[in-house]
Amino acid sequence: MSSRTLPLLFINLGGEMLYILDQRLRAQNIPADKAKKVMNDIITTMFNKKFLEELFKPQELYSKKALRTVFDRLAHASIMRLNQASMDKLYDLMTMAFKYQVLLCLRPKDILLVSFNHMDAIKDFVKDTPSILSLVDETYRQLIEMYTSLSHGEFQLIRQTLLIFFQDMHIRVSIFLKDKVQNSNGRFVLPTSGPVPHGTQVPGLIRMFSCTGEEVTRLQFNNGGNYTAGLREGSFEMFGDRVTKLGTNMYSVSRPVETHMSGTSKSSAQHTKVNTAPNPLAKEELNLLAKLMGGLEVQKTGNADSGFRVNLFATDEEEEEALITRPDELSYGVINIQATKDHQANAELAKIMGEFTESGHQSPSASSKGDDLLAMMDGL
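Cut-offs and rules
- Residues numbered from 1 in each chain as written.
- Predicted model: local features only at pLDDT ≥ 70, side-chain atom pairs only at ≥ 80, totals over all residues.
- Heavy atoms only, no water.
- Phe/Tyr/Trp six-rings, centres within 6.5 Å; stacked < 30°, edge-to-face > 60°.
- Helix = DSSP H or I, 4+ residues; strand = E, 2+ residues; numbered from the N terminus.
- Buried < 20%, exposed > 50% of the residue type's maximum accessible area, 1.4 Å probe, protein only.
- Core = buried A, V, L, I, M, F, W, Y, C linked by side-chain atoms within 4.5 Å.
- Contact = heavy atoms within 4.5 Å.
- Patch = residues over 30% accessible without salt bridge, like charges linked within 9 Å, V, L, I, M, F, W, Y side chains within 5 Å.
- Areas by Shrake-Rupley, 256 points an atom, 1.4 Å probe, with all protein chains shown as cover.
- Salt bridge = Lys/Arg side-chain N within 4 Å of Asp/Glu carboxyl O.
- Axes fitted to C-alpha atoms, helices over the stretch in contact; angles between N-to-C directions.
- Parallel < 35°, antiparallel > 145°, perpendicular 65-115°, else oblique.
- Nonpolar A, V, L, I, M, F, W, Y, C, P; charged D, E, K, R; others polar.
- Expected span 1.5 Å × (residues − 1).
- pLDDT = per-residue confidence, 0-100.
- Left-handed = near helix turned anticlockwise from the far one by under 90°.

- Naming follows an unreviewed UniProt entry, where the protein appears as Protein OSCP1 isoform X2 of Betta splendens.

As structure tokens, then:
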């Protein structure tokens, strides 16, 4: 498992969330000023300086439930509201889109180019707001500093960590099904044609050399696909052509997007139900995470006219039906978390973290992570 995966996971999922919300805000004819406020508020929250400082520290991935909680808070960081079914669908679309992008990367390092495509789009959303733009630019610099010098092996480890995180997610998405890149069981169809990775050759030739280094024999074989020469390498700078289209907005052409649970996912949910005994520390873990996020308070709408609800389904009836039919195990039970400065609550959380450390089940790195969280909580 790579300890440098979390920032890439967060930024790419966040980018996909913004693509989807932008499309839905347009589809529902939300006034331009309100739509812009929603996008600006979410991006400001997403690139909160304290949160990103902690995010970029080497650490293990958060649990699926904890990460879902982060994005639930993020989606409600402005005047927009989502019902549970729409939030479930939003998260399904985000995760499946990025999973597909990771699978399609020709080489592990291309995950960074996908991240830069998301960052480029986010920057375009706030191009007229200098204060938010500076937050995005600072994140670019952190990405470049942390990732551009990593070896191919380290990027391979990041890719494997991401695929392990996504491996049990098989949500069917209408766009993918219509484009025939996803099967009815929710698994993706990977191509056996197209350009090979940058810096490699089209397969089909075996060359044999003598002990002196001279080529003595060439054998050709059928590679089973229709491969072409690799494309030029994309830019890993703050500005430049990324070459790959992975990570760009697939909702730029308006078309309805539906999600469906596959039989495999339903079955796996039933099997995992046996192991859903409540973890007494789970709620506190999420509360710590919320505190880490500092100012990520759900905004209170001043009056009935200032806030609005966004529906990711075609009709309210479809949204209600989706909420009823979705298996409970797959509808993330987001815990109501409070990011307050209550000293008694902080003391209680500190006590729990101390007991958790003393139990001997926490690694030194995880323990220090808890200390960092508590220190940040005290400073809020």
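Next, the rest of the story.
## What to know about the packing of aromatic side chains
Then step 1. Evaluated as defined, the whole model comprises nine aromatic pairs.
Then step 2. On the basis of an interplanar angle of 75° and a centroid distance of 5.1 Å, the ring pair of Phe10 and Phe51 is categorised as edge-to-face. Taken together, the residues span a long stretch of sequence, with Phe10 in helix α1 (residues 6-27) and Phe51 in helix α3 (residues 49-55) at a distance of 41 residues. In this structure, Phe10 and Phe51 share a single accessibility class: buried.
Then step 3. Three or more aromatic residues link up through ring pairs in this structure, and these residues are Phe10, Phe51, Phe71 and Tyr91.

## Some remarks on unusual backbone geometry
Then step 1. In this structure, Asn29 is a non-glycine residue whose phi angle is positive, near 55°.
Then step 2. Positioned with a positive phi, Lys180 is a non-glycine residue whose angle comes to about 60°.

## A look at the nonpolar core
Then step 1. By size, the foremost hydrophobic cluster in this structure holds 83 residues, and its most contacted members are Leu90 and Tyr147.
Then step 2. If one sorts the elements of this core by residue count, α1 sits on top with twelve residues.
Then step 3. When near neighbours in sequence (up to four residues on either side) are disregarded, Tyr147 contacts Arg4, Pro7, Leu8, Phe56, Leu112, Phe155 and Ile158.

## What about a nonpolar patch on the surface?
Then step 1. A cluster of nonpolar residues, Ile206, Met208, Val216, Leu219 and Phe221, forms a patch on the protein surface that exposes about 430 Å² of accessible area.
Then step 2. Elements supplying a minimum of two residues to the nonpolar patch: β4 (205-209) and β5 (215-220).

## Here's the deal with the packing of α1 against helix α2 (residues 32-46)
Then step 1. It is the contact of α1 with α2, at a shortest axis distance of 11 Å, that shows an interaxial angle of 170°. With respect to α2, the element α1 is oriented roughly antiparallel. Only Ala35, Val38, Met39, Ile42, Ile43 and Met46 of α2 make contact with α1, whose side of the interface consists of Phe10, Ile11, Gly14, Gly15, Met17, Leu18, Leu21, Asp22 and Leu25.
Then step 2. Taken together, the residues of the contact of α1 with α2 break down into twelve nonpolar, two polar and one charged.

## Examining helix α4 (residues 64-75)
Then step 1. Taking 1.5 Å as the rise per residue, α4 with twelve residues should run 16 Å; its terminal C-alpha atoms sit 16 Å apart, in good agreement.
Then step 2. Among the twelve residues that make up α4, ten are buried, leaving the element largely enclosed by the rest of the structure.
Then step 3. Buried within α4 we find Ala66, Leu67, Arg68, Thr69, Val70, Phe71, Asp72, Arg73, Leu74 and Ala75.

## Quick look at the confidence of the model for the protein
Then step 1. Averaged over all residues, the pLDDT of the protein is 79; the fraction at 70 or higher stands at 71%.
Then step 2. Considering each helix and strand of the protein separately, the mean pLDDT is smallest for helix α14 (residues 364-379), with a value of 43, and largest for helix α6 (residues 110-125), with 96.
Then step 3. Across residues 294-302 the pLDDT falls below 50, and counting only partners more than four positions away or on other chains, this stretch makes 24 contacts in the model.
Then step 4. Ignoring residues within four places in sequence, the model shows residues 333-343, a span with pLDDT below 50, making 22 contacts including any to other chains.

## Things to note about the environment of Ile132
Then step 1. Inspection of the secondary structure assignment puts Ile132 in helix α7 (residues 130-147).
Then step 2. Judged by its relative accessible area of 6%, Ile132 is buried.
Then step 3. Note: C-alpha distance between Ile132 and Asp41 (91 residues apart in sequence) is 9.2 Å.
Then step 4. Residue contacts for Ile132: discarding those within four places in its chain leaves Asn40, Ile43, Thr44 and Val126.

## Thoughts on the packing of α2 against α7
Then step 1. Running from amino to carboxyl end, α2 crosses α7 at an angle of 40°, the nearest separation of the two axes being 10 Å. In terms of orientation, α2 and α7 fall into the oblique class. Regarding α2 and α7, the two cross each other, and that crossing is left-handed. Two secondary-structure elements touch here, α2 through Asn40, Ile43 and Thr44 and α7 through Ile132, Leu135 and Val136.
Then step 2. Taken together, the residues that form the contact of α2 with α7 break down as four nonpolar, two polar and no charged.

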